[in-house]
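Inside the fold
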Amino acid sequence: MSTAITFSEYGGPEVLSVSQIPAPEPGPGQVRIRVRAAAVNPIDLRIRAGIMGGAFPVTFPHVPGWDVAGVVDKAGEGAGFAVGDEVFGVASVGGYSEYALLQTPFAKPKGLSFETAAGMITVGEAAYRALKHLGAEAGQTLLIHGAGGSVGAIAVQLEVARGVTVIGTVAEQDTERISALGATAVRYGEGWAGRVKAAAPAGVNFVFDASGAGVLGESVSLVGDAAKVITIADPSFAEHGVRFTGMDPKDRFPQALPQLADLIAAGKLDVPVRRAYPLAEAAQAHADIEAGRNQGKVVLLP
């Protein structure tokens with residue numbers, strides 16, 4: 001059996017409960033891991049609340065969570081990993097659990113903690129994918145909305161390292177942190193476009209919206225071409241002619257994860273985990289995130 005967090009109806013954090021479920025068995029090419037850390041992502045909260053039913057339907061009881069890191073406990077035929085290997089990846093069966101299955105595991109670098117390995121998966125892939133779609137080059141200017149968030153901060157670091165000039169809209173308390181990563185930080189909110197123009201008098205070439213803060217219309221006006229704007233967070237993308245990336249699994253780029261893991265292990269990319277909770281306190285973790293008490297990545301420790 002496996003200790004897991006489940007919910008049997010949509011609702012608030014209180015619908016999450018500790019359950020005992022059968023430990024999953026790995027099929028061909030899969031591994032079962034003893035989970036050492038599972039990330040809590042904003043999408044988990046939206047799925048639990050029932051507001052993502054169209055895109056992510058669930059069968060009750062449902063084990064939430066995708067991003068996990070741990071130690072291989074059992075390997076299916078042709079899995080490519082052996083018992084005892086330290087791996088990370090996206091769980092085929094819900095990640096808020098003592099055991100999880102991985103269809104595509106990646107080797108965890110020795111210098112990478114389990115907590116960070118789990119915490120970087122969704123946010124790291126999202127940042128890498130959006131930037132790949134945009135294709136900004138060294139010497140060009142990229143505006144990142146929500147640069148203070150986990151996805152935005154990774155995107156800042158990746159593009160600065162490539163020689164792209166980065167401007168990031170941030171909350172006042174994030175200005176110093178994002179500036180230290182090499183971006184020009186400007187305050188988000190009313191009047192942001194004017195502040196961006198002042199920070200980039202030669203203009204902006206591309207915009208990456210990781211905020212979902214209703215900034216797409218002005219962003220398109222800023223760059224003059226909807227094809228140069230991409231969002232991972234704003235459902236109004238179609239009315240602005242902007243590309244939304246991430247909903248289609250075929251659009252994702254998990255191949256980037258080993259590269260990102262190596263960068264973190266080498267100290268060239270910072271993805272801090274802000275807080276860790278015991279698995280049994282998953283409901284509290286959700287409640288704290290919804291109340292704004294957690295900034296940055298949050299993980300559960302089975």
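Just above, that's the structure.
This report concerns the structure included in the present document. (Residues numbered from 1 in each chain as written. Predicted model: local features only at pLDDT ≥ 70, side-chain atom pairs only at ≥ 80, totals over all residues. Heavy atoms only, no water.)

**Let's talk about the overall build of the protein chain**
If you tally the helices and strands in the protein chain, you get nine helices and 15 strands. Viewed in the frame of its principal axes, the protein chain has a C-alpha envelope of about 60 × 40 × 35 Å. Among the 302 residues that make up the protein chain, the fraction classed as buried is 50%. Residue pairs in contact within the protein chain that sit at least 24 positions apart in sequence constitute 62% of those at least 6 positions apart. Carbon and sulfur atoms form 51% of the exposed surface of the protein chain, whose accessible area is close to 13200 Å². The average position of the 24 basic charges and that of the 30 acidic charges among the side chains of the protein chain differ by 3 Å. (Helix = DSSP H or I, 4+ residues; strand = E, 2+ residues; numbered from the N terminus. Buried < 20%, exposed > 50% of the residue type's maximum accessible area, 1.4 Å probe, protein only. Contact = heavy atoms within 4.5 Å. Areas by Shrake-Rupley, 256 points an atom, 1.4 Å probe, with all protein chains shown as cover. Lys, Arg positive; Asp, Glu negative; His and termini not counted. Charge placed at Lys NZ, Arg CZ, Asp CG, Glu CD.)

**A word on the sheet that holds strand 8 (residues 141-145)**
The parallel open sheet is built from six strands, whose spatial order is 10-9-8-11-12-13. Strands with a single pairing partner mark the edges of an open sheet, and in this sheet they are strand 10 (184-187) and strand 13 (243-244). Pairing of strand 9 (residues 165-170) with strand 10 involves four bridges; the strand directions are parallel. The residue bridging Ile167 from the neighbouring strand is Thr184, located in strand 10. Those strands touched by helix 7 (residues 216-223) are strand 8, strand 11 (206-209) and strand 12 (229-231), and its axis lies near 155° from that of strand 12. (Pairing = 2+ DSSP bridges. Axes fitted to C-alpha atoms, helices over the stretch in contact; angles between N-to-C directions.)

**Let's talk about unusual backbone geometry**
In this structure, Pro61 follows Phe60 across a cis peptide bond, with omega equal to -10°. For Pro61, the location among the structural elements is in the loop between helix 1 (42-49) and strand 4 (67-75).

**Overview of the packing of aromatic side chains**
Evaluation of the coordinates by the stated rule reveals six aromatic pairs. A cation over a ring is seen here: Arg32 above Tyr99, with NZ or CZ 5.1 Å from the ring centre. Over the aromatic face of Tyr99 sits the side chain of Arg34, whose NZ or CZ is 5.9 Å from the ring centroid. (Phe/Tyr/Trp six-rings, centres within 6.5 Å; stacked < 30°, edge-to-face > 60°. Lys NZ or Arg CZ within 6 Å of the ring centre and 35° of its normal.)

**A look at the packing of helix 1 against helix 9 (residues 282-290)**
Any two packed helices are characterised by how steeply their axes cross, that is the angle between the axes, and by the distance between the axes. Between helix 1 and helix 9, the least distance of the axes is 11 Å, while the angle of their chain directions is 105°. Classed by the angle they form, the pair helix 1 and helix 9 counts as roughly perpendicular. Contacts between helix 1 and helix 9 involve Asp44, Leu45 and Arg48 from the first element and His286, Ile289 and Glu290 from the second. Residues belonging to the contact of helix 1 with helix 9 are distributed by class as follows: two nonpolar, one polar and three charged. (Parallel < 35°, antiparallel > 145°, perpendicular 65-115°, else oblique. Nonpolar A, V, L, I, M, F, W, Y, C, P; charged D, E, K, R; others polar.)

**Comments concerning the pattern of salt bridges**
Side-chain pairs of opposite charge can arise where the charged atoms are in close proximity. Taken as a whole, this structure holds twelve salt bridges when the rule is applied. The residue Lys74 makes a salt bridge to Glu25 at a minimum N-O spacing of 2.6 Å. With a gap of 49 residues between them, Lys74 in strand 4 and Glu25 in the loop between strand 2 (17-21) and strand 3 (31-40) connect regions that are remote in the sequence. For Glu25, a relative accessible area of 47% translates into the label partly exposed. Here Arg243 ties to Asp251 by a salt bridge, and the two come within 3.2 Å at their closest N and O atoms. When its relative accessible area of 15% is taken as the criterion, Asp251 is described as buried. One salt-bridge network, held together by shared partners, links Glu25, Arg32, Asp73 and Lys74. (Salt bridge = Lys/Arg side-chain N within 4 Å of Asp/Glu carboxyl O.)

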